[in-house]
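Reading the structure
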Amino acid sequence: MNTQREKYKKLLNYLEYTLHELPAGVLYDANGANEKKCAELMKETYDLERLSIELGTDISSFIELCRWHYERYPHYLSRQKHFGSYKNYMERHNATEEVYP
């Protein structure tokens, strides 16, 4: 059975993967995320936060990064024609370079 640290590392690596294509978009497995998938990723973020607290690891800035994108990416998708690209959406919503992983 996986230890808490192994679960933490696996989840952290996966969530980092979902954001590694920024500013192009948010991934879910090998595909782009949709609203439902972003909700699942948000749940994973809460799980990661809980594990990080239990392990005494401060990854609060990464948790904030995840939340920013998992909350906003579905909005972008619903207005994709208006924004043209997720990079444009991020710029319009004042996402600075600090938002990138």
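Residues take numbers from 1 onward in each chain, read along the sequence in its written order. In view of the model being predicted, local features appear only for residues whose pLDDT reaches at least 70, and side-chain atom pairs are presented and counted only at 80 or more, with totals across whole chains, interfaces and linings using the full set of residues. Only heavy atoms go into the side-chain values, all of them from the structure, while hydrogens and water stay out.

**Points about helix α2 (residues 35-55)**
Under the scheme used here, helices are H or I runs from DSSP no shorter than 4 residues and strands are E runs no shorter than 2 residues, and both carry numbers assigned from the N terminus. Expected span of a helix: the number of residues minus one, times 1.5 Å. Compared with the 30 Å implied by 1.5 Å per residue over 21 residues, the 30 Å span of α2 between its first and last C-alpha is a close match. Listed as buried for α2 are Cys-38, Leu-41, Met-42, Thr-45, Leu-48, Leu-51 and Ser-52. It only takes one pair of heavy atoms within 4.5 Å for two residues to be counted as in contact. For α2, the secondary structure elements touched by its buried residues are α1 (4-19), β1 (27-28) and α3 (60-78). Two residues or fewer after α2 comes Gly-56, characterised by a positive phi angle close to 70 degrees. Think of it in three bands: with a 1.4 Å probe and only protein chains considered, a residue is buried below 20% of the maximum accessible area for its type, exposed above 50%, and partly exposed in between.

**Details of the pattern of salt bridges**
What counts as a salt bridge is simple: a side-chain nitrogen of Lys or Arg found within 4 Å of a carboxyl oxygen of Asp or Glu. In total, this model carries four salt bridges according to the counting rule given. Arg-50 is paired through a salt bridge with Glu-54; the nearest N and O atoms lie 3.1 Å apart. Taken together, the positions of Arg-50 and Glu-54, both in helix α2 and four residues apart, correspond to about one turn of that helix. Across the pair Arg-72 and Glu-71 runs a salt bridge whose closest N-O atoms are separated by 3.6 Å.

**Let's talk about the packing of aromatic side chains**
Describing an aromatic ring pair means giving the distance of the ring centres and the angle of the ring planes. Any pair of Phe, Tyr and Trp rings, taking the six-membered ring for Trp, is counted once the centres come within 6.5 Å. Such a pair is stacked with planes under 30 degrees apart, edge-to-face with planes over 60 apart, and tilted for the rest. Within the structure shown, the criterion is met by seven aromatic pairs. Consider the rings of Phe-83 and Tyr-89, whose centres lie 4.8 Å apart with planes at 80 degrees: the pair is edge-to-face. Under the relative-accessibility criterion, Tyr-89 is labelled buried at 2%. An aromatic cluster is built from Tyr-73, Tyr-76, Phe-83, Tyr-86 and Tyr-89, whose rings are joined through pairwise contacts.

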